[in-house]
Amino acid sequence: DAGITQSPRHKVTETGTPVTLRCHQTENHRYMYWYRQDPGHGLRLIHYSYGVKDTDKGEVSDGYSVSRSKTEDFLLTLESATSSQTSVYFCAISEADGNTIYFGEGSWLTVV
Amino acid sequence: AQSVTQLDSQVPVFEEAPVELRCNYSSSVSVYLFWYVQYPNQGLQLLLKYLSGSTLVKGINGFEAEFNKSQTSFHLRKPSVHISDTAEYFCAVTATDSWGKFQFGAGTQVVVTP
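What this report covers is the structure whose coordinates are included nearby.

Rules behind the numbers
Residues numbered from 1 in each chain as written. Chains lettered and ligands numbered in written order. Predicted model: local features only at pLDDT ≥ 70, side-chain atom pairs only at ≥ 80, totals over all residues. Heavy atoms only, no water. Contact = heavy atoms within 4.5 Å. Buried area = accessible area lost by both parts, 1.4 Å probe. Salt bridge = Lys/Arg side-chain N within 4 Å of Asp/Glu carboxyl O. Polar contact = N/O pair within 3.5 Å; in protein donor to acceptor, adjacent residues only side chain to side chain. Helix = DSSP H or I, 4+ residues; strand = E, 2+ residues; numbered from the N terminus. Nonpolar A, V, L, I, M, F, W, Y, C, P; charged D, E, K, R; others polar. Disulfide = S-S within 2.5 Å. Buried < 20%, exposed > 50% of the residue type's maximum accessible area, 1.4 Å probe, protein only.

**Topic: the interface of chain B and chain A**
Opposite the 18 residues of chain B that make contact, chain A presents 23 residues. The contact between chain B and chain A buries some 1600 Å² in all, and 55% of this surface belongs to carbon and sulfur atoms. On inspection of chain B and its partner chain A, the count reaches 0 salt bridges. Inspection of the chain B/chain A interface yields 4 residue pairs in polar contact (both at pLDDT 80 or more). Broken down by secondary-structure element, the contributors of at least two residues to the side of chain B that touches chain A are strand E5 (31–38), strand E6 (44–50) and strand E11 (103–104) of chain B. Class assignment of the residues belonging to the side of chain B that touches chain A gives a composition of 9 nonpolar, 7 polar and 2 charged.

Here it is, written out as structure tokens:
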């Protein structure tokens with residue numbers, strides 16, 4: 001158990017509504033990441049954080065924003081959900097360069 | 001930028017037989033390489049990683065992988081699989097100056113049958 005909690009684990013929402021996914025860690029790790037997983041694409045990086053209030057974009061950041069006001073929490077927000085954002089979202093954490101990266105259990109999001 | 005290609009989308013294998021999962025990568029800079037396993041409805045678990053040193057890397061559950069720089073490959077092997085090895089396996093690469101920003105392959109589904 002890597003000390004990562006994602007919430008909610010499952011959510012169904014309507015197109016156009018805002019959605020926030022939360023990643024909470026108990027490891028005090030510096031780095032946190034949000035990935036999405038889609039069939040045939042593996043996992044793709046959405047956003048990442050290298051410290052409190054320090055975030056940057058990944059390869060599929062359009063339509064997503066993030067915030068990190070505390071070391072332990074990394075929030076992913078879909079400002080206006082679209083059907084193309086139906087996916088499984090994984091949070092990951094890492095202490096430092098070279099250290100093992102741990103993944104959370106995933107959040108299943110369906111946009112109808 | 002880096003990219004990863006997993007050459008097989010699905011690999012059927014009989015129990016106690018060997019298995020090899022193929023992974024090729026491309027990058028203009030030095031990279032670190034990883035294999036992750038994902039069981040149904042779970043997150044990813046690290047099997048092994050290559051950071052530097054010996055090109056033969058041993059991981060958990062009897063898996064090993066060999067880094068071949070000239071062929072830009074990082075193939076995963078296990079000499080004898082169990083039913084419990086049925087899962088999806090992902091190869092991933094990150095540049096040495098961008099830790100954690102992985103490029104993942106599309107995944108290889110391993111199905112082990114008795």
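On we go.
**Digging into the pattern of salt bridges**
All names here are of chain B. Within this structure, the stated rule accounts for 9 salt bridges over all chains. Asp8 is the salt-bridge partner of Arg22, the closest N and O atoms lying 3.0 Å from each other. Taken together, the residues Arg22 in the loop between strand E3 (19–21) and strand E4 (23–26) and Asp8 in the loop between strand E1 (3–6) and strand E2 (10–14) connect sequence positions 14 residues apart.

**Overview of the state of the cysteines**
Residue and element names in this part refer to chain A. Summed over the entire model, instances satisfying the criterion amount to 2 disulfides over all chains. The disulfide partner of Cys23 is Cys91, and the gap between their sulfur atoms is 1.9 Å. Taking the torsion about the S-S bond as the criterion, the Cys23 to Cys91 disulfide, at about -70°, is left-handed. Pair noted here: Cys23 is in strand E3 (residues 19–25) and Cys91 is in strand E9 (residues 87–94), with a separation of 68 residues, a long-range link. We note that Cys23, like Cys91, is buried.

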